[in-house]
Structure formats: C-alpha cells, structure tokens
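Coordinate inspection notes
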Amino acid sequence: MGREYHFHCEHAGCSVTVGLRMGGTRELELLVDGKQVAAARVHGHHAQTAVMTTILPTEPPRGIEVEVALPGALGGDPASTLLVGGERTPMPAREVPRRARPTEASWYS
C-alpha cells in the first residue's frame, strides 16, 4: 500500500488540489473546485517531474499547469508547484486522513 499526499491552493477564485498516491505506479489527479480535471500515471521509481494542465472555469478562462516533483527510490517527499503566466507558486501540503484499519473483531464478523 502506498503513501498519499495532497497539495492545495486557491487561484483566481478557484480551489486547485493535487492528489498523489505513491506505490508501484504513482497516480496523480488534479482537481479544480472538487472536480477531477486531469489524471496521470507515472511508472518507475526514479526522481522525475510530472506536469498536468487544465483550464480554470473563470471569465475569461485561464490556463494553468501544475508541476509535481516526484522523489526517487531513496526517498524524500514530493512537492507541487502551480505555474501561471511564468509565475511559480508552491502548493502547500495538506493533511491526508489515515484510512482506518479493520479491528480484530471486524475480521471475524
């Protein structure tokens, strides 16, 4: 089971969130105002950068890119950056609730 990360920021009145699940295959998703607008799967355990793009539902519509720096096999934490018009804004990490493990009693019910 892999580790999960969330990054979040507000831009142009929109909520921009990146979800990342680390594991055998790294799964990324980009959400705008709680709706998934882009997704990617990254294979391999070497350090690399994944970029996802979307258009924000603003008037006029604005294009954004989100850059996710993935750590290598030796560890480290990922980071996410919002790219808009040549400006780079780091996206702070958010707490990811831990999934509850089944209790012993639930195994036998």
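Residues numbered from 1 in each chain as written. Predicted model: local features only at pLDDT ≥ 70, side-chain atom pairs only at ≥ 80, totals over all residues. Heavy atoms only, no water.

Focus: the pattern of salt bridges
This structure, assessed with the given rule, holds four salt bridges. Salt-bridge contacts for Arg21 lead to Glu4; the nearest nitrogen and oxygen are separated by 3.2 Å. Of this pair, Arg21 sits in strand 2 (residues 14-21) while Glu4 sits in strand 1 (residues 4-11); the two residues are 17 residues apart in sequence, bridging distant segments of the chain. As a salt-bridge pair, Glu27 and Arg21 come within 4.0 Å of each other at their nearest N and O atoms. We classify Glu27 as partly exposed; its relative accessible area is 29%. Where salt bridges share partners, they join Glu4, Arg21, Glu27 and Arg41 into one cluster. (Salt bridge = Lys/Arg side-chain N within 4 Å of Asp/Glu carboxyl O. Helix = DSSP H or I, 4+ residues; strand = E, 2+ residues; numbered from the N terminus. Buried < 20%, exposed > 50% of the residue type's maximum accessible area, 1.4 Å probe, protein only.)

Examining the environment of Leu82
Turning to its location among the elements, Leu82 is positioned in strand 7 (residues 79-84). Considering only alpha carbons, one finds Leu82 and His11, 71 residues apart in sequence, at a separation of 9.0 Å. Those residues within four positions of Leu82 in sequence are excluded, and the remaining contacts are Cys9, His11, Ile64, Glu65, Val66, Glu87, Arg88, Thr89 and Met91. (Contact = heavy atoms within 4.5 Å.)

Side note on the environment of Ala73
Along the chain, the position of Ala73 falls in the loop between strand 6 (62-70) and strand 7. In this structure, the C-alpha to C-alpha distance between Ala73 and Gly44, residues 29 residues apart in sequence, is 8.9 Å.

Observations regarding unusual backbone geometry
Cis rather than trans, the peptide bond between Glu59 and Pro60 has omega equal to 0°. As for its placement among the helices and strands, Pro60 is situated in the loop between strand 5 (48-56) and strand 6. Positive phi, close to 50°, is recorded for Ala12, a residue that is not glycine. Here Ala12 shows up in the loop between strand 1 and strand 2. Among the residues examined, Ala12 registers a relative accessible area of 34% and is labelled partly exposed. Within the chain, Asp33 stands out as a residue other than glycine whose phi angle is a positive 50°. Turning to its location among the elements, Asp33 is positioned in the loop between strand 3 (25-32) and strand 4 (35-43). Overall, the relative accessible area of 42% leaves Asp33 in the partly exposed class.

With respect to the side chain of His8
Take His8: it is sitting in strand 1. Residue classification places His8 among the buried positions, given a relative accessible area of 18%. In terms of polar contacts, His8 uses its side chain to reach the side chain of Glu10, at 3.0 Å. (Polar contact = N/O pair within 3.5 Å; in protein donor to acceptor, adjacent residues only side chain to side chain.)

Remarks on the sheet that holds strand 3
Remark on secondary structure: sheet strands pair via backbone hydrogen bonds, oriented parallel or antiparallel. The strand order across the open sheet formed by five strands is 4-3-2-1-9, and the pairing between neighbours is antiparallel. Taken across any chain shown, the strands that pair with only one partner, and hence form the sheet edges, are strand 4 and strand 9 (93-94). As paired strands, strand 1 and strand 2 are joined by eight bridges and run antiparallel to one another. When the bridges of strand 2 are listed, His8 appears paired with Thr17. (Pairing = 2+ DSSP bridges.)

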